[in-house]
Amino acid sequence: MSGPRKLHVKSFGCQMNVYDSHRMADTLAPEGFVETDVPDEADLVILNTCHIREKAAEKVYSELGRVRQLKEAAANEGRRLMVAVAGCVAQAEGSEILRRAPVVDLVVGPQSYHRLPGLLARAGSERVLDTEFPVEDKFDFLAAPGREQIRARGVSAFVTVQEGCDRFCSFCVVPYTRGAEISRPVEKIVAEVERLADAGVREVTLIGQNVNAYHGEGPDVRPWTLAALLHRLARVAGIARLRYTTSHPRDMDESLIAAHRDLGCLMPYLHLPLQSGSDRILAAMNRRHTRADYLDLVARVRAARPDLALSSDFIVGFPGETEEDFRATIGIVEDVGYAGAFSFKYSPRPGTPAAAMEQVSEDVKAQRLRRLQAVIDRRQAHFNAACVGKTVDVLLEKRGRRHGQLVGRSPYLQPVQVIAPASLIGAIVPVTITEAGTNSLFGDLAPSMRVGETRAAAARPLATAGA
Ligand code: 5AD
Ligand code: SF4
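Residues numbered from 1 in each chain as written. Chains lettered and ligands numbered in written order. Predicted model: local features only at pLDDT ≥ 70, side-chain atom pairs only at ≥ 80, totals over all residues. Heavy atoms only, no water.

A few points about the overall build of the protein chain
Here comes step 1: Helix and strand counts for the protein chain come out as 16 helices and 19 strands.
Here comes step 2: If you line up the protein chain on its principal axes, its C-alpha atoms span 60 × 60 × 50 Å.
Here comes step 3: Within the protein chain, the fraction of its 467 residues that count as buried is 54%.
Here comes step 4: For the protein chain, the proportion of contacts with a sequence separation of at least 24, taken over those separated by at least 6, is 72%.
Here comes step 5: Here the protein chain has roughly 20,000 Å² of accessible surface; of this, 52% comes from carbon and sulfur atoms.
Here comes step 6: Where the 59 positive side-chain charges of the protein chain centre and where its 57 negative ones centre are 3 Å apart. (Helix = DSSP H or I, 4+ residues; strand = E, 2+ residues; numbered from the N terminus. Buried < 20%, exposed > 50% of the residue type's maximum accessible area, 1.4 Å probe, protein only. Contact = heavy atoms within 4.5 Å. Areas by Shrake-Rupley, 256 points an atom, 1.4 Å probe, with all protein chains shown as cover. Lys, Arg positive; Asp, Glu negative; His and termini not counted. Charge placed at Lys NZ, Arg CZ, Asp CG, Glu CD.)

In structure tokens form, the structure reads like this:
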């Protein structure tokens, strides 16, 4: 084969998909594929799809319409563009995609990414579908990224530690598309994090659909909790910050709460989806906790880490949600005082129990979403404004939009824009916040940092932020 082949991966949805997209690219690198941001020059386009909310499949089909034009343009130049659909829509729709979209050469579910090289070879001569849940552990076969690749992806990295979910919330498609919950063994995760740290990564976010249900096998052949894993990873040289997402309230055990007290490198920010503030709706959602359980949990985590900021996910217009139920959601958003939250209109997912329940009208859903988002935005603005005048540790990640500016993250995950030399990328520096926008903060490097003390900054132990 002459010259490298070019791969363009388009990711939809969550961080899990972003991670999977990277691992697919890593696995195809030994096959001679290099990544490109430019779809027009690609020899292989992978759409890594998400099925969690609204019209997911329709979005994929319309995206495939655009890809068809690319394929035709490539054919006119005498090139063959291969097209693969991966992710949860691939898993859920399967052969329907091959039927409806002749442009597609390969449909591959999330559990089969390690088989991509072989599947692609087959797809050269026939249309291929692989949506099985294989017995082998795909993580054992997915290639690791090289040092340069890790660097190019930045100083903050994601690592999948568990996948799938056994909780079966009645609205959620994840247990069907990602399958039963599996946790990766501790040593494999440690090795991956060490490799990342070695290439300059400073912050690792452990990800999984229900990450705090983690129970991977430890070196002692016993299942380890997420807290035990975090303690182990805190010892990896070079890693200054740890985070994890997304958690189910029922899986926040005492050891994890204690980790927020005991581990300085565990960032004081917890994404803890509540979905609804109404007990009636929580029960119909099969969340298996009440509003009071959640508030009690929040109080316990905040007692362990007083500067902890919280975020959440909410669904409005779940089947049977009354105005009173909805007001309970608004009420709890005010009571908890979230630093931020995502909110969504309920969208029936085929095959899930809630899809068969009596639905709330679109108008009501839209109106409730607007009302909830207004409250969340006000809360977020309040949280951001309260940071002005404080000095917080910022991990500088990349160049900002303006010349001379870098952008990093506060411990609370807020983007922070600051004038700083590019040599400080990867350093954790104290920044005095001068201004708060809706989504990001602006600040000045603390005076001691302005002479470019990169090494000192990089070695600085993580102080708790001054929030
Ligand atoms: N409709 C709307 N939102 C949903 N989510 C999951 N399933 C649905 C659905 N069917 C939201 C939940 C979850 C987040 C990732 O997506 O709030 O926490
Ligand atoms: Fe879906 Fe999360 Fe519920 Fe699992 S815990 S079913 S991933 S919403």
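Quick look at the pairing of strand β16 (residues 405-409)
Here comes step 1: Counting buried residues in β16 gives four out of five residues, a clear majority hidden from the surface.
Here comes step 2: In terms of strand pairing, strand β15 (residues 391-399) meets β16 through four bridges, oriented antiparallel. Paired with Lys398 across the bridge in β16 is Val407.
Here comes step 3: Hairpin remark: β15 followed by β16, antiparallel, with five residues in the connecting loop; positive phi at Gly404, about 80°.
Here comes step 4: As paired strands, β16 and strand β17 (residues 415-419) are joined by five bridges and run antiparallel to one another. Residue pairing across strands places Gly408 opposite Val416, the latter belonging to β17.
Here comes step 5: Between the end of β16 and the start of β17, which pair antiparallel, lie five residues, with Leu413 showing a positive phi angle near 70°. (Pairing = 2+ DSSP bridges.)

Comments concerning the environment of Gly94
Here comes step 1: If you trace the backbone, Gly94 turns up in the loop between α3 (87-93) and α4 (95-100).
Here comes step 2: Among the residues examined, Gly94 registers a relative accessible area of 8% and is labelled buried.
Here comes step 3: Discounting residues that sit within four places of it in the chain, Gly94 has contacts with Val89, Val107, Leu129 and Thr131.

Thoughts on the nonpolar core
Here comes step 1: Counting 57 residues, the largest nonpolar core has Leu206 and Tyr244 as its most contacted members.
Here comes step 2: Per-element tally for this core: the top contributor is helix α9 (residues 186-198), with six residues.
Here comes step 3: Ignoring anything within four residues of it in the chain, the contact list for Tyr244 reads Thr205, Leu206, Val211, Leu226, Leu230, Met252, Leu256, His260, Leu266 and Leu270.
Here comes step 4: If you look at the next biggest cluster of nonpolar residues, it comprises 24 residues, including Met24, Phe33, Val108 and Phe139. (Core = buried A, V, L, I, M, F, W, Y, C linked by side-chain atoms within 4.5 Å.)

Topic: the sheet that holds strand β19 (residues 441-445)
Pairing between sheet strands relies on hydrogen bonds along the backbone, with the strands arranged either parallel or antiparallel.
Here comes step 1: One closed barrel holds the five strands; their spatial order is β15-β16-β17-β19-β18, and the pairing between them is mixed. Neighbour-to-neighbour, the strand axes of this sheet turn through a mean angle of 50°, independent of strand direction. (Axes fitted to C-alpha atoms, helices over the stretch in contact; angles between N-to-C directions.)

Re the site of ligand 2
Here comes step 1: Residues in close proximity to ligand 2 include Cys165, Arg167, Phe168, Cys169, Phe171, Cys172, Val174, Pro175, Gln209, His248 and Arg287, which together make up its full environment.
Here comes step 2: When grouped by side-chain class, the residues that make up the shell around ligand 2 number seven nonpolar, two polar and two charged. (Near = heavy atom within 4 Å. Nonpolar A, V, L, I, M, F, W, Y, C, P; charged D, E, K, R; others polar.)

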